[in-house]
There are 2 protein chains.
Amino acid sequence: MPHIQPRTPPGTLELLPREQMIFQHMLDVIRRSYERFGFVPIETPAFELKDVLLTKSGGETEKQVYFVQSTGALQQGHEPDLALRFDLTVPLARYVAEHERELAFPFRRYQIQRVYRGERAQKGRFREFYQCDIDVIGKDKLDPAYDAELPAIIVRIFEELKTGNFTIHFSNRKLLLGLLAGYGIKDTAKQALILREIDKFDKIGADKVRTSLIELGLSESVTNPFLQLVAHKGGKDEVLADLRRQKTEEPVFRQGLAELAHMIEALKALGVPNERARLNLKIARGLDYYTGTVYETLIDDHPEWGSVCSGGRYDDLASFYTKSKLPGVGLSIGLTRLFDQLRAGHLLPQVPNSVEVLIAQIDPQLSGAYLALGVELRHAGFNTENYLEPAKLDKQLKYADKSGIPFVVLLGPDEKAKGTVLVKDLAAKAQFEVTHAALIEKLRALAPRPAREG
Amino acid sequence: MPHIQPRTPPGTLELLPREQMIFQHMLDVIRRSYERFGFVPIETPAFELKDVLLTKSGGETEKQVYFVQSTGALQQGHEPDLALRFDLTVPLARYVAEHERELAFPFRRYQIQRVYRGERAQKGRFREFYQCDIDVIGKDKLDPAYDAELPAIIVRIFEELKTGNFTIHFSNRKLLLGLLAGYGIKDTAKQALILREIDKFDKIGADKVRTSLIELGLSESVTNPFLQLVAHKGGKDEVLADLRRQKTEEPVFRQGLAELAHMIEALKALGVPNERARLNLKIARGLDYYTGTVYETLIDDHPEWGSVCSGGRYDDLASFYTKSKLPGVGLSIGLTRLFDQLRAGHLLPQVPNSVEVLIAQIDPQLSGAYLALGVELRHAGFNTENYLEPAKLDKQLKYADKSGIPFVVLLGPDEKAKGTVLVKDLAAKAQFEVTHAALIEKLRALAPRPAREG
C-alpha cells in the first residue's frame, strides 16, 4: 500500500510530549489563577451557526473565518451554515445573551479554548491557537474597580509562569479622546484615526506621529504638549498629577480621570507591584470596541514579541443578541503564540516530567511484584509507569532517559530476597539501594511535590 | 438594530458554569488517573489535511466528516482541503508515524479533546463531543500485560467519578475467531459476520442469534455448545477453565487463551477487584480493527446507556502512514455522552463550587480593606471573589446563593473596629463572628481541600 505522508496542516502547533507537558503546565497555572480570583469556567462549541457568529457584515474578520459543512451538505452544494469561532468574545456575547436569566451578574467567566483563523500561512501566524480569556460582565453597569482586578491576576500568572520580567501597560481611552475633544477634534472617526497613530508611537517614533496628527487636523500649538503628555515617562502618580493639571473640562476626560484614579488606588490595595503595572498613555488600542481602560502586557526583554496579554473595558458586550446593556472588562492571553516565542528563544519554563518513576522489568518471574509495586507507588501519589515489555535493562534505561523519567526502580531476585530495591536517579547519574519499606519516603524527599493526593 | 437569536448549533453540549465545574472535575479525574499510570499528554489540531485524515475511501465515517474551508477558498469555489477529526485514533496514528523517531516506545499517550461528526441531529447524538483516550503503542510488538493495565486505570477513574457501580466486560477476539476456525468457518468475512451477531446477544436474545449463526453456516451440532460457552455466566477463572477444555488446536485460539490467561493474572497483581472486570465472551465488538483483547464498560444500573468506555487491542496502528509495524491497545471514554446521561438521570457527582468565598462590599470607605482581605484569602489558597459593585447586602447574598458560593465574608465599620469579620455559611444557613486573625483557620476547618497551594 502506498503511504500517505503524515503531516499537520500549516499554521497549527503540535508538540512532542515533553513540550506538551510544559504547555499543559502553563494552561494549568492560568486556569488556577483565574479560579483563585473567583472566575467560573465555561466552554462553548468550536463552531457556531454562521448567522450567529458573523453578526458584522464584511470586514477583515469575515475574510479569515473557517466555514464548516458535512459531507452530505457539501455534496448537495449547500452553503455552509456553521463556522469555527475566531475568538472567544463573540461566543461569550452569544452565551451571555442566550443564558442571561440563568446567570448571576456580575458574571465572571474564564474560558480557555482554541480559536481558528483562516490566516495566510506565515511564520508566527497561527490558524489554530489557544486563547485564555477572563471577562467580568455587568448588567447595566460595572464598577471601575473591576478594571484593577485583572492586572492583579495577570501579575500572579506571569510571575508563576516564570517567563521573564514583564510589564502591564495600561491606559484609559477616555483620557486621550477627552483631550482631543478639548482640542476641538470632536469627530469620532477622526479621533479614532488619531488614536491609531498614537498606538504606533513606539514603532514609528514621535516625529512621524506628530506629522500625522497635524495632517489629521490637530493644531501645531497643541500637538507638542499633547505628545509630551502621551509619552510621559513618569510613574503612575506623576502621570496622574500631570493629567489632573490639564485644563480641559470635557466630561469624557473628567470621567476617564476619575476611573483612572479609582483604578490606581485599587491596584495598590491589591498589592500589584508598582513596576508591574505602568500607566502608559501610548496604549490606545486601535479597536473602537474598547471604551475605557485598555491593557497590553510586554515581556520586558522581548518587546518585539508584542503584547502577550491584552484587553480592556467595553460598553456593551452583546448588542447584536439582546437589548440588555452588558458592559464588561476582559483580558486574553494568547498562549500558543507566547509558547512558540518562548520556545524559539529557548526560554520555556522548567517543568517537572509528568511521569516520575519507571519500574523496570528485570525478571519475568517477578512480574506480579512489579505490578504490585506500581500500585503501591501510585497509591503514594507518584506518577508511575511499569515497563511491561521483556527487554534488556540498558534498553529500559534508555527509554526512561528519552522519556525524561527521573527515577528507575530495579527489583531483581537478590533485592527481592533482601527486601530492598535499587533506585537509579538519572538526573544525578546516581544509584542507591533502599529497603522496600523506605522507598516511598526516600522518593518523596528526592521529588517533593505539593499535592500527592494518592 | 434587529437582534439575532443567540443559540448554539444542534448536537453540541453547552453548560452553565455550575455544570461546567462538574464536567471539568470529571475531566480532571480522568487526566490525573491517566498521568498517575505514567501516560504522557499530547494534543493534535482539531482539523487535519483531508487527504491525511480520510485514508480509507468511502464508508460510513466519511459521510459524517465535517469539512473546513476559509472564506477565500469558499468564494473561489475550491474543494475543502481540511476536515475536522472524527476521533482521536486517526490523529494518533498520524502523530506517531510523523514523530516516530522522536518518540520513545512503548509510547503511552493520553489525549483529551473534542471530536466532530456530521451526524443527523437526534437526541443523544452529538456533533461535537469529548473523547478521553489512552493508548499504548509498541514498536513491532507489545506485551499482552499492557492489556491488563487499562482496566486498572478505568477502575480507578470510575470509582473516583462516583457515577455508580460499573463493570468492565472484556474478552479476546482471538478466542471466538479461533473456535469458529475450529468449527470449519475459516472465511474471515463470515467470521466477522458471526461476531457481529454475537455482539447483539444481549439485545436480541440467544434464539435469534442461534438462527442467524446457523444461517451463516455454523452447524447445528456446534451452535448450542458454542453459544453456551459464549453466554457463560461464571467468573474469570471458571470461564478460563471451560475455554481450556475446548478441543480446538487452532493456533489463533491457543494464542488468545495464552493472552487471556496472562491478562487475568496481571489483573490480579494490579489489584483490580474481581467484580469490576468480567470476562464476557459476548463482547465481540463489530470493528475488525480490534484483533485481541476488547473492552466495554457498563454502568451496572444503566445498561441501556451502552458502553461508556470501550477499546481493545489492534495489530497495526498506522499502516496508512508508515511501514513500521505499530501494535497497540487503547481505551476511550466518551465523556460528553456520559455527562449528558448522568445529568438526565440526576446522577451527576457532587462537586464543590469552584468559588469558595465572596467578600461583600458593605461600606465604600472600606473598599481597600476588602481588596486586601481578598489578597490574604487567596494567598491562603481560597478561591475568593470580591464583590466590587456598590449594592445592597441582600442583593450580594442572592448573588452568592445563585452562584453557589458557600461563604460570604462581611466586614463593616463595627467589625473593622473590633478586628473581627462576620461569616455567612450559606449551606448551613448560619452566621458567625470570628477574629480577623482566626478567619483562615476557621474557613480551612469548614472547607477542607487537599491542596491549597497558595
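Not measured: the values here are computed from a predicted model.

### Some remarks on the overall build of chain A
Of the regular secondary structure elements, chain A holds 18 helices and 16 strands. Classification of the 454 residues of chain A by burial places 45% in the buried group. Considering only contacts in chain A between residues 6 or more positions apart, those separated by 24 or more positions represent 69%.

### So, the sheet that holds strand β15 (residues 420-425) of chain A
All names here are of chain A. An order of β13-β12-β14-β15-β16 is seen for the 5 strands of this open sheet, with the pairing classed as mixed. Every interior strand has two partners, whereas the edge strands, β13 (384-386) and β16 (430-435), have only one. Taking the axes of each pair of neighbouring strands and ignoring which way they run, one obtains an average angle of 25 degrees across the sheet. In this structure, strand β12 (residues 357-359) lies alongside β13, joined through 3 bridges in parallel fashion.

### Describing the relation of the copies chain B and chain A
For the pair chain B and chain A, the best superposition has an RMSD of 0.0 Å and corresponds to a rotation of 180 degrees with a translation of 0.0 Å parallel to the axis. Such values leave the two copies arranged in the relation of a two-fold axis. Scanning chain B for the C-alpha nearest the rotation axis identifies Val68 of chain B, at a separation of 2.4 Å. The share of interface residues of chain B whose copies in chain A are also at the interface is 100%, consistent with both copies meeting through the same surface.

### Focus on unusual backbone geometry
Residues and elements named next belong to chain A. In this structure, Pro106 follows Phe105 across a cis peptide bond, with omega equal to 0 degrees. Notably, Lys162 is not glycine yet its phi reads approximately 55 degrees, a positive angle. By the element assignment, Lys162 lies in the loop between α6 (145-161) and β7 (166-172). Here Lys162 falls in the partly exposed class, since 13 other C-beta atoms lie within 10 Å of it. Located in the positive-phi region is Lys429, a residue other than glycine, with phi close to 50 degrees. Position of Lys429 relative to the elements: it lies in the loop between β15 and β16. The exposure class assigned to Lys429 is exposed, which follows from the 7 C-beta atoms found within 10 Å.

### Some points on helix α8 (residues 188-199) of chain A
Here α8 of chain A is 12 residues long and its end C-alpha atoms lie 16 Å apart, about the 16 Å a rise of 1.5 Å per residue gives. Buried residues along α8 of chain A sit against α7 (173-182), α9 (201-204), α10 (206-215) and α11 (220-230) of chain A.

### Re the packing of helix α1 (residues 17-36) of chain A against α6 of chain A
All names here are of chain A. Axis separation between α1 and α6 bottoms out at 9 Å; the angle between their running directions is 150 degrees. In terms of axis orientation, α1 runs roughly antiparallel to α6. The interaxial crossing formed by α1 with α6 has right-handed handedness. Residues Met26, Val29, Ile30, Ser33 and Tyr34 of α1 form the contact with α6, whose participating residues are Ile153, Arg156, Ile157, Glu160 and Leu161. Class assignment of the residues belonging to the contact of α1 with α6 gives a composition of 7 nonpolar, 1 polar and 2 charged.

### Concerning the nonpolar core
Generally speaking, nonpolar side chains in soluble globular proteins are found buried as a group. Grouped together as the largest cluster of nonpolar side chains are 261 residues, with contacts concentrated most on Val68, Ala83 and Val96 of chain A together with Val68, Ala83 and Val96 of chain B. With 11 residues, α6 of chain A is the single largest residue contributor to this core. Contacts of Val68 of chain B, omitting those with residues within four sequence positions, involve Tyr66, Val68 and Leu84 of chain A together with Phe47, Pro80, Leu82, Ala83 and Leu84 of chain B.

### Side note on the environment of Leu54 of chain A
Residue and element names in this part refer to chain A. Assignment of secondary structure puts Leu54 in the loop between α2 (50-53) and α3 (59-63). Judged by C-beta crowding, with 20 C-beta atoms within 10 Å, Leu54 ranks as buried. A C-alpha to C-alpha distance of 34 Å links Leu54 and His25, two positions 29 residues apart in sequence.

### Describing the interface of chain B and chain A
Facing the 89 residues of chain B at the interface are 90 residues of chain A. For the side of chain B that touches chain A, a count of residues per class yields 42 nonpolar, 24 polar and 23 charged. Note that strand β3 (residues 66-70) of chain A and strand β3 (residues 66-70) of chain B share 5 bridges and pair antiparallel. Each bridged residue has a counterpart across the sheet, and for Tyr66 of chain A the counterpart in β3 of chain B is Ser70 of chain B.

### As for the pairing of strand β9 (residues 293-299) of chain B
Residues and elements named next belong to chain B. Across the 7 residues that make up β9, a large majority, 7, are buried. The alternating pattern of β9 places Thr293, Tyr295, Thr297 and Ile299 and Val294, Glu296 and Leu298 on opposite faces, both of which are buried. One ladder, built from 7 bridges, connects strand β7 (residues 166-172) with β9; its direction is antiparallel. Its bridge partner being in β9, Thr167 is matched across the sheet by Leu298. Sheet topology places β9 next to strand β10 (residues 309-314); 2 bridges connect them, and they run antiparallel. Bridged to Tyr295 within β10 is Gly311.

### Focus on the environment of Ile194 of chain A
Residue and element names in this part refer to chain A. With respect to the helices and strands, Ile194 occurs in helix α8. Exposure remark for Ile194: the 23 C-beta atoms within 10 Å place this residue in the buried category. Excluding residues within four positions of it along the chain, Ile194 makes contact with Leu180, Ile185, Leu213, Leu216 and Leu218.

### Observations regarding the pairing of β10 of chain B
All names here are of chain B. For β10, the buried fraction is high: 6 of the 6 residues fall into the buried class. Bridging between β10 and strand β11 (residues 328-334) involves 6 bridges; their strand directions are antiparallel. When the sheet's bridge partners are listed, Gly311 is paired in β11 with Leu331.

### Examining α1 of chain A
All names here are of chain A. Between the first and last C-alpha of α1 there are 28 Å, a value that for 20 residues agrees with the 28 Å anticipated at 1.5 Å per step. Taken together, the buried positions of α1 are Pro17, Met21, Phe23, Met26, Val29, Ile30, Ser33, Tyr34 and Arg36. Note on α1: the residue one or two positions beyond its end, Gly38, has a positive phi of about 80 degrees.

### What to know about the sheet that holds strand β16 (residues 430-435) of chain B
The strands making up a sheet associate through backbone hydrogen bonding, with each pair oriented either parallel or antiparallel. All names here are of chain B. With respect to topology, 5 strands assemble into an open sheet ordered β13-β12-β14-β15-β16, the strand pairing being mixed. Two strands bound the open sheet, and with one partner strand each, they are β13 (384-386) and β16. Geometrically, the sheet is characterised by an average inter-axis angle of 25 degrees between neighbouring strands, direction not taken into account. Along the sheet, helix α15 (residues 367-379) makes contact with β12 (357-359), β13 and β14 (407-410), crossing β13 at roughly 170 degrees.

### Quick word on the environment of Ser332 of chain B
Residues and elements named next belong to chain B. One can find Ser332 in strand β11. Assessed through the 22 C-beta atoms surrounding it within 10 Å, Ser332 is described here as buried. Considered as a pair, Ser332 and Gly311 are 21 residues apart in the sequence and their alpha carbons are 6.2 Å apart. Setting aside its immediate chain neighbours within four residues, Ser332 contacts Gln131, Cys132, Asp133, Cys309, Ser310 and Gly311.

### What to know about the confidence of the model for chain A
With 96% of its residues at a pLDDT of 70 or more, chain A has an overall mean of 93. Model confidence for the complex is summarised by a pTM of 0.96, with the ipTM given as 0.95.

### Notes on the packing of α10 of chain A against α11 of chain A
All names here are of chain A. Relative to each other, α10 and α11 sit at 140 degrees, their axes nearing to 10 Å. Between α10 and α11 lies a crossing of right-handed hand. Of α11, the residues touching α10 (which contributes Ala206, Val209, Arg210, Leu213 and Ile214) are Glu220, Thr223 and Leu227. Residue classes in the contact of α10 with α11 are distributed as 5 nonpolar, 1 polar and 2 charged.

Conventions adopted
- Residues numbered from 1 in each chain as written.
- Chains lettered and ligands numbered in written order.
- Predicted model: local features only at pLDDT ≥ 70, side-chain atom pairs only at ≥ 80, totals over all residues.
- Helix = DSSP H or I, 4+ residues; strand = E, 2+ residues; numbered from the N terminus.
- Buried ≥ 20, exposed ≤ 12 C-beta atoms within 10 Å, placed from the backbone.
- Contact = placed C-beta atoms within 7 Å.
- Pairing = 2+ DSSP bridges.
- Axes fitted to C-alpha atoms, helices over the stretch in contact; angles between N-to-C directions.
- Least-squares fit on C-alpha atoms with pLDDT ≥ 70 in both.
- Expected span 1.5 Å × (residues − 1).
- Parallel < 35°, antiparallel > 145°, perpendicular 65-115°, else oblique.
- Left-handed = near helix turned anticlockwise from the far one by under 90°.
- Nonpolar A, V, L, I, M, F, W, Y, C, P; charged D, E, K, R; others polar.
- Core = buried A, V, L, I, M, F, W, Y, C linked by C-beta atoms within 7 Å.
- pLDDT = per-residue confidence, 0-100.

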